[in-house]
Amino acid sequence: GGLAVARTARDVELRLAVPLHSEQMVLGALCAFAGDRIKEVLLEQSEREIAGGTERLPAKELAARLDGLRAELFVAEFAEELTVRALEDQGMTVLRRPDADPRAVLAPTS
């Protein structure tokens, strides 16, 4: 399945409170509201690719691909943290995920 996010009055309040000006903010909002589902879909896609493929990547290519995926994950987690900070700046209390990357949480904004 695809990703589905329930729309509620609270979503509308958040949209009005936090204007989304960039891809990072949109990505952060998606991660904040549907992070578990996003991880689930990515894992399902990866498992299908692995199960369907008979070719194995050479070790160097695999390492490079993993590094790239880790970098993409960090960008998503940092975008999520920026969204959390923007909500906090609006006076909202936001609980961070217990598995939030400390590098993102502790990173300076500027």
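Preceding block: the structure.
Here's a quick rundown of the structure. Not measured: the values here are computed from a predicted model.

A few points about the overall build of the chain
Argument step 1. Scanning the chain from terminus to terminus reveals four helices and zero strands.
Argument step 2. The order of α-helices and β-strands along the chain, N terminus first, is α-α-α-α.
Argument step 3. For the chain, the proportion of its 110 residues judged to be buried stands at 23%.
Argument step 4. Residue pairs at least 24 apart in sequence account for 59% of intrachain contacts in the chain once pairs closer than 6 positions are excluded.
Argument step 5. Accessible surface, the chain as shown: approximately 8300 Å² in total, 60% of it carbon and sulfur.

Examining helix H3 (residues 59-89)
Argument step 1. Helix length check: H3, at 31 residues, gives a terminal C-alpha distance of 45 Å against a target of 45 Å (1.5 Å per residue), a fit within 8%.
Argument step 2. Turning to H3, its buried residues number three or more, namely Ala76, Glu77, Ala79, Glu80, Glu81, Thr83, Val84, Arg85, Ala86 and Leu87.
Argument step 3. Phi turns positive, to about 90°, at Gly91, one or two residues after H3.

Describing the pattern of salt bridges
Argument step 1. This model, assessed by the stated rule, comprises eight salt bridges.
Argument step 2. The residue Arg70 makes a salt bridge to Asp67 at a minimum N-O spacing of 3.4 Å. You can see Arg70 and its partner Asp67 sitting in helix H3, three residues apart, about one turn around the helix.
Argument step 3. Taking the shortest distance from any N to any O, the salt bridge between Arg97 and Glu80 comes out at 2.7 Å. On the criterion of sequence distance, the pair formed by Arg97 in the loop between H3 and helix H4 (102-105) and Glu80 in helix H3 is long-range, its members being 17 residues apart.
Argument step 4. For Glu80, a relative accessible area of 9% translates into the label buried.
Argument step 5. Each of Glu77, Glu80, Arg97 and Asp99 takes part in a single network of salt bridges with overlapping partners.

Procedures and definitions
- Within every chain, residues take consecutive numbers counted from 1 along the sequence as written.
- Where totals are concerned, whole chains, interfaces and linings use all residues; where local detail is concerned, this predicted model gives features only for residues with pLDDT of at least 70, and gives and counts side-chain atom pairs only at 80 or more.
- Hydrogens are left out, water is left out, and the side-chain values use all remaining heavy atoms of the structure.
- Here a helix means four or more residues in a row that DSSP labels H or I, a strand means two or more in a row labelled E, and each is numbered from the N terminus.
- For every residue, the accessible area obtained with a 1.4 Å probe (protein chains only) is divided by the maximum for its type, and the residue is called buried under 20%, exposed over 50%, and partly exposed between those limits.
- It only takes one pair of heavy atoms within 4.5 Å for two residues to be counted as in contact.
- Each accessible area value is a Shrake-Rupley result obtained with a 1.4 Å probe; residue values ignore everything except the protein chains displayed when judging cover.
- The span expected for a helix works out to 1.5 Å for each residue beyond the first.
- Salt bridges, as used here, are contacts in which a Lys or Arg side-chain nitrogen is within 4 Å of a carboxyl oxygen on Asp or Glu.

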